[in-house]
Amino acid sequence: MTMLQFDSLRQGAGLAIAASDLDKKTALTREAAHRWSSRNLSLRSPLDDPVADRPGRPRKPELLPPRLVKKRNLNSAAGRIALLHALAHIELNAIDLALDIVARFAGESMPRTFYDGWMQVAFEEAKHFNLIRARLRELGADYGDLPAHDGLWQAAHDTRNDLTARLAVVPLILEARGLDVTPSLQAKMIDTGDIQTADILRIIYEDEKKHVAVGAKWFRFLCHRQGQNPERAFQQLVRANFRGQLKAPFNDLARAEAGLTPSFYRSLSSTNAS
């Protein structure tokens, strides 16, 4: 696999986003994260290419509207493969969403530690994708074998001009949702005897708490800099930029540990119940 050359973090992140070969995408992500953490890259360069509007993707999977993607019984091998495939698709999008925050907003007046945090997130999302893909292959399947839905990148497109809105929607809604659903999925995998998948879900869950914390930290930073109340700003931005309502039940403890307290999201729930 020939690696593309880059001299700035924005360029490296942009190349990873644009890569349609998923091995190359994850390798570029790891290399950019390593070189940035080693302080061997500038943040940006006038020679950087524009950031792609959509991430590179292989020919498969077929992308369908969310309502057309079938749900399957997790007690069967086919159902567990379908779950892993859906999780791989989420993690693949999470790689590109983290990289897009870095690349698209590299011109913002943000501390260097902002980019440190998001490159660590991107690095860990690439790790998650590779763990899930390896598990799929152990089960005789691979990413691309099943259809997947095409709604996740919409959040990036809708908030491409507003960093505060991007932080509200991507880490504090989409990533936080993972904190709500992953523990029950892990328990179901243990019940079915699939300890390997349960162990992967445990790794993902612990990392996702850190990812939500990165989002909450920098969302509060921007709100304070703009003289806004973080909770009210979050609610306004979600209503303006997120389609639909937040779904209970919520993992209030894990969310609070990450800095996302119930006063942020309870009023946005369709049930206002836990």
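Residues numbered from 1 in each chain as written. Predicted model: local features only at pLDDT ≥ 70, side-chain atom pairs only at ≥ 80, totals over all residues. Heavy atoms only, no water.

1. Observations regarding helix 2 (residues 22–37)
(1) Moving on: In a regular helix each residue adds 1.5 Å, so 16 residues correspond to 22 Å; helix 2 covers 22 Å between its end C-alpha atoms and thus fits that length.
(2) Moving on: Those residues of helix 2 lying buried are Leu 22, Lys 24, Lys 25, Thr 26, Ala 27, Leu 28, Thr 29, Ala 32, Ala 33, Arg 35 and Trp 36.
(3) Moving on: The inward-facing, buried residues of helix 2 abut helix 1 (9–18), helix 3 (77–104) and helix 4 (112–138).
(4) Moving on: The opening residue of helix 2 is Asp 21, an N-cap whose side-chain oxygen sits 2.9 Å from the backbone nitrogen of Asp 23.
(5) Moving on: Two residues or fewer past helix 2, Arg 39 is found with a positive phi of approximately 60°. (Helix = DSSP H or I, 4+ residues; strand = E, 2+ residues; numbered from the N terminus. Expected span 1.5 Å × (residues − 1). Buried < 20%, exposed > 50% of the residue type's maximum accessible area, 1.4 Å probe, protein only. Contact = heavy atoms within 4.5 Å. Polar contact = N/O pair within 3.5 Å; in protein donor to acceptor, adjacent residues only side chain to side chain.)

2. Examining the packing of aromatic side chains
(1) Moving on: As enumerated under the stated definition, the model contains 7 aromatic pairs in all.
(2) Moving on: When the centroid spacing of 5.0 Å and the interplanar angle of 90° are considered together, the rings of Phe 114 and Tyr 115 count as edge-to-face. Judged on exposure class, the residue Phe 114 and its partner Tyr 115 are both buried.
(3) Moving on: Between Phe 234 and Phe 264, the aromatic rings sit 5.6 Å apart at their centres with planes inclined by 70°, giving edge-to-face as the arrangement. Of this pair, Phe 234 sits in helix 8 (residues 230–241) while Phe 264 is found in helix 10 (residues 262–265), placing the two residues 30 residues apart along the sequence. Each member of the pair, Phe 234 together with Phe 264, is buried.
(4) Moving on: Taken together, the ring pairs in this structure connect Phe 114, Tyr 115, Trp 218 and Phe 221 into an aromatic cluster. (Phe/Tyr/Trp six-rings, centres within 6.5 Å; stacked < 30°, edge-to-face > 60°.)

3. Notes on the side chain of His 89
(1) Moving on: Mapped onto the elements of the fold, His 89 is located in helix 3.
(2) Moving on: Apart from residues no more than four positions distant in its own chain, His 89 is found in contact with Leu 63, Tyr 143, Ala 148, His 149 and Leu 152.

4. A closer look at unusual backbone geometry
(1) Moving on: For the bond from Lys 60 to Pro 61, the omega torsion is 15°, close enough to zero to count as cis.
(2) Moving on: Within the element layout of this structure, Pro 61 appears in the loop between helix 2 and strand 1 (63–64).
(3) Moving on: Even without being glycine, Arg 39 reaches a positive phi, approximately 60°.
(4) Moving on: Summarising the element assignment, Arg 39 is placed in the loop between helix 2 and strand 1.
(5) Moving on: Overall, Arg 39 belongs to the partly exposed group, its relative accessible area being 41%.

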